[in-house]
Amino acid sequence: TLNFLEKCYSALQSNEMEAGSLGFYIMPTEFSKMYSLTALRLPDNKISLIRDNISLLTQLEILDLSENALKTFPDVLCSLTLLYDLNLSHNHFVRVPLSLGRLTLLKKLGLEGMRLIQPAPEVAVLTAAQVVGYMRKYWKIESGHAKNLDIRSIGLSALPREVAVLGTLLDELRV
């Protein structure tokens, strides 16, 4: 407990919280009250739930939730629009929401060690900027904000399988 309090005090001074391997099951609510945090590192815990109050960390640029027990992607992370480094490697979810495309500053995205269905595996291995660009373009189509999915600039050598599913959905809508 003293170690945790020391880490919290240090984070208030540096705007960076290092809390790896502390056995957390849920992200402590104290972190969401540290409004000026720019980096939050919680790797190698047992976190299975990220509360919506993480959205209060509007200055967050770096978030490391790798090696935890997340079974679903916390959609609230897509509201952290200043993130440029997001590490979610070695968790247990299989889908990343298309709203990840809202994170336009994302330069680093860790998705290693997971069996993703969305985005397709051939997309997940691209750079963070390419994945976010793809997700943004795909989201625009799915939400009706665009009619054409132009992925030439993404860096894919073949169409991902989810594009075929999207084509089927669009055909059904035209009928």
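Data block above holds the structure.
Residues numbered from 1 in each chain as written. Predicted model: local features only at pLDDT ≥ 70, side-chain atom pairs only at ≥ 80, totals over all residues. Heavy atoms only, no water.

Once that is clear, we can look at the environment of Leu-126. Counting through the fold element by element, Leu-126 comes out in the loop between helix H3 (121-124) and helix H4 (128-142). The buried category is assigned to Leu-126, whose relative accessible area is 17%. Through-space distance from the C-alpha of Leu-126 to that of Leu-156 is 8.3 Å; in sequence the pair is 30 residues apart. (Helix = DSSP H or I, 4+ residues; strand = E, 2+ residues; numbered from the N terminus. Buried < 20%, exposed > 50% of the residue type's maximum accessible area, 1.4 Å probe, protein only.)

Here Asn-45 is to be found in the loop between strand S2 (39-41) and strand S3 (62-64). Residue classification places Asn-45 among the buried residues on the basis of a relative accessible area of 6%. A polar side-chain atom of Asn-45 sits 2.9 Å from the main-chain carbonyl oxygen of Ala-19. Here the side chain of Asn-45 touches Phe-24 through a polar contact of 3.1 Å, landing on its backbone nitrogen. Excluding residues that lie within four positions of it along the chain, Asn-45 makes contacts with Ala-19, Gly-20, Ser-21, Leu-22, Gly-23, Phe-24, Glu-67 and Asn-68. (Polar contact = N/O pair within 3.5 Å; in protein donor to acceptor, adjacent residues only side chain to side chain. Contact = heavy atoms within 4.5 Å.)

Checked against the element boundaries, Ser-99 lands in the loop between strand S4 (85-87) and strand S5 (108-110). Residues in contact with Ser-99, not counting those within four places in the same chain, are Cys-78 and Trp-139.

Take the packing of aromatic side chains next. Per the counting criterion, the structure on display carries 5 aromatic pairs. Taking the centre distance of 5.9 Å and the plane angle of 50° together, the rings of Phe-4 and Phe-31 count as tilted. Of this pair, Phe-4 sits in helix H1 (residues 2-14) while Phe-31 sits in helix H2 (residues 29-32); the two residues are 27 residues apart in sequence, bridging distant segments of the chain. Phe-31 gets classed as buried once you look at its relative accessible area, which sits at 0%. Note on Phe-24 and Phe-31: the rings are 6.0 Å apart at their centroids and 85° apart in plane angle, and the pair reads as edge-to-face. Looking at Phe-24, the relative accessible area reads 14%, which means it is buried. Cluster of aromatic residues (ring-pair linked, three or more members): Phe-4, Phe-24 and Phe-31. (Phe/Tyr/Trp six-rings, centres within 6.5 Å; stacked < 30°, edge-to-face > 60°.)

What follows concerns the layout of surface pockets. Of the pockets and cavities examined, the largest pocket occupies roughly 150 Å³. Along its surface, the largest pocket is lined by Leu-109, Leu-111, Glu-112, Met-114, Leu-116, Pro-121, Ala-124, Val-125, Leu-126, Thr-127, Ala-128 and Val-131. Only H3 and H4 provide two or more residues apiece to the lining of the largest pocket. (1 Å grid on protein atoms, 1.4 Å probe; cavity = no way out; pocket = protein on both sides within 12 Å on 5 of 7 lines; lining within 4 Å. Points joined across faces, edges and corners; volume = space filled by probe spheres on them.)

Look at the link from Gln-118 to Pro-119: it is a cis peptide, with omega at 0°. Note on placement: Pro-119 falls in the loop between S5 and H3. Phi is positive for Asn-15, which is not a glycine, with a value near 65°. If you trace the backbone, Asn-15 turns up in the loop between H1 and strand S1 (16-18). Phi at Glu-67 is positive, roughly 55°, even though this residue is not glycine. Relative to the helices and strands, Glu-67 is located in the loop between S3 and S4.

In this model, H1 (13 residues) spans 18 Å end to end at C-alpha, consistent with the 18 Å of a helix rising 1.5 Å per residue. Those residues of H1 hidden inside the fold are in contact with S1 and H2. (Expected span 1.5 Å × (residues − 1).)

Counted at 1.5 Å a residue, the expected span for H4 with its 15 residues is 21 Å, and the 21 Å between its end C-alpha atoms agrees. All buried positions along H4 are accounted for by Ala-128, Val-131, Val-132, Gly-133, Tyr-134, Met-135, Tyr-138 and Ile-141. At the C-terminal side of H4, Gly-144 shows a positive phi close to 85°.

By themselves these figures say nothing about function.
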